[in-house]
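Fold and geometry: a report
This is what each chain is made of:
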Amino acid sequence: DAKTTQPPSMDCAEGRAANLPCNHSTISGNEYVYWYRQIHSQGPQYIIHGLKNNETNEMASLIITEDRKSSTLILPHATLRDTAVYYCIVKGNNDMRFGAGTRLTVKP
Amino acid sequence: SAVISQKPSRDICQRGTSLTIQCQVDSQVTMMFWYRQQPGQSLTLIATANQGSEATYESGFVIDKFPISRPNLTFSTLTVSNMSPEDSSIYLCSVEETSSYEQYFGPGTRLTVT
């Protein structure tokens, strides 16, 4: 079973920051938080991952709370091409299990 | 990042037949995974396939229905046996990059069973 909780859908205006929340209150000390997105009919695309420190790459920023029970994925300047289903995943040593994700719709 | 290809990209099959899906990676990886994504649903892990050992299947999936081969560090196959319309899904191959622990996904195989 997935160990994360995400809102089923969110809207964001084009050019604004999209902040996608995720709760993972049962996360263990050695488990990472991963974010993927899936654009219609394509395989999931890796975005970012982190353990306890905030992370940033060319696609997004990941903010993890100090108690690690929740995190937020930030797309700083959302574009129409960022419309997708975003999955927050808690991953330990091996396999990766997906929850229902958040369907983000970026609107003009 | 690892580049993954799958064959076929899509197929339409008749009930009772079998289809073998191939997954090829451009680098050597220890861990490969097979997922299923039914229409409108999230991804469900079918099995983990590590080179040199038997595949490990998740609850609800059995080897007789979804036999997996992992002959080397860059290739794996998943067979969907004795297909029924309920097997109509997208089947995705995934690998964990050994150096970064990042997991990447192939483009998927869209299977329709009539």
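Structure first, text after, so check above.
Description of the structure in this document.

1. Focus: the sheet that holds strand 5 (residues 55–56) of chain A
Neighbouring strands of a sheet are bound in pairs by backbone hydrogen bonds; such pairs are parallel or else antiparallel. Residue and element names in this part refer to chain A. As summarised here, the arrangement of the 4 strands in space is 2-7-6-5, forming an open sheet in which the pairing is antiparallel. Looking at strand neighbours, the two that pair on one side only are strand 2 (18–23) and strand 5, the edges of this open sheet. Bridge count between strand 5 and strand 6 (residues 61–64): 2 bridges; the pairing is antiparallel. Bridge pairing in strand 6 links threonine 56 to serine 61.

2. Focus on the interface of chain B and chain A
Between chain B and chain A, the residue contacts involve 20 residues of the former and 19 residues of the latter. Here chain B and chain A share 2 salt bridges between them. For Glu96(B), the salt bridge identified is with Lys91(A), shortest N-O distance 2.5 Å. Taken together, chain B and chain A are joined by 6 residue pairs in polar contact (both at pLDDT 80 or more). Elements with a minimum of two residues in the side of chain B that touches chain A: strand 4 (31–37), strand 5 (43–50), strand 9 (89–96) and strand 10 (103–105) of chain B. The greatest single-element share of the side of chain B that touches chain A, amounting to 4 residues, is contributed by strand 4 of chain B.

3. Brief notes about the pattern of salt bridges
Residues and elements named next belong to chain A. Counted by the stated rule, this structure contains 6 salt bridges over all chains. Where aspartate 11 meets lysine 107, a salt bridge forms, and the shortest distance between an N and an O atom there is 3.1 Å. One end of the pair, aspartate 11, is in strand 1 (residues 9–13); the other, lysine 107, is in strand 9 (residues 102–107), with 96 residues separating them in the sequence. Here aspartate 82 makes a salt bridge to arginine 37, at a shortest N to O gap of 2.8 Å. Of this pair, aspartate 82 sits in the loop between strand 7 (70–75) and strand 8 (84–91) while arginine 37 sits in strand 3 (residues 32–38), and the two are 45 residues apart along the sequence. Note on aspartate 82: relative accessible area 12%, which makes it buried.

4. Section: the side chain of Gln38(A)
Topologically, Gln38(A) is positioned in strand 3. One polar contact links the side chain of Gln38(A) to the main-chain carbonyl oxygen of Gln42(A), over a distance of 2.8 Å. Within the local environment of Gln38(A), its side chain forms a polar contact with the side chain of Gln37(B), the two groups lying 2.8 Å apart. Setting aside anything within four residues of it in sequence, one finds Gln38(A) in contact with Gly43(A), Pro44(A), Ala84(A), Val85(A), Tyr87(A), Gln37(B) and Leu43(B).

5. Section: unusual backbone geometry
Trans peptide bonds make up most of the peptide bonds, and negative phi angles are found at most residues other than glycine. With an omega dihedral of -10°, the bond running from Lys7(B) to Pro8(B) counts as a cis peptide bond. Looking at the secondary structure, you find Pro8(B) in the loop between strand 1 (4–7) and strand 2 (10–13). A positive phi angle is found at Arg68(A), which is not glycine, with a value near 65°. On the secondary structure map, Arg68(A) appears in the loop between strand 6 and strand 7.

Criteria and thresholds
Residues numbered from 1 in each chain as written. Chains lettered and ligands numbered in written order. Predicted model: local features only at pLDDT ≥ 70, side-chain atom pairs only at ≥ 80, totals over all residues. Heavy atoms only, no water. Pairing = 2+ DSSP bridges. Helix = DSSP H or I, 4+ residues; strand = E, 2+ residues; numbered from the N terminus. Contact = heavy atoms within 4.5 Å. Salt bridge = Lys/Arg side-chain N within 4 Å of Asp/Glu carboxyl O. Polar contact = N/O pair within 3.5 Å; in protein donor to acceptor, adjacent residues only side chain to side chain. Buried < 20%, exposed > 50% of the residue type's maximum accessible area, 1.4 Å probe, protein only.

Interpretation note: all reported values are geometric properties and have no functional meaning in isolation.
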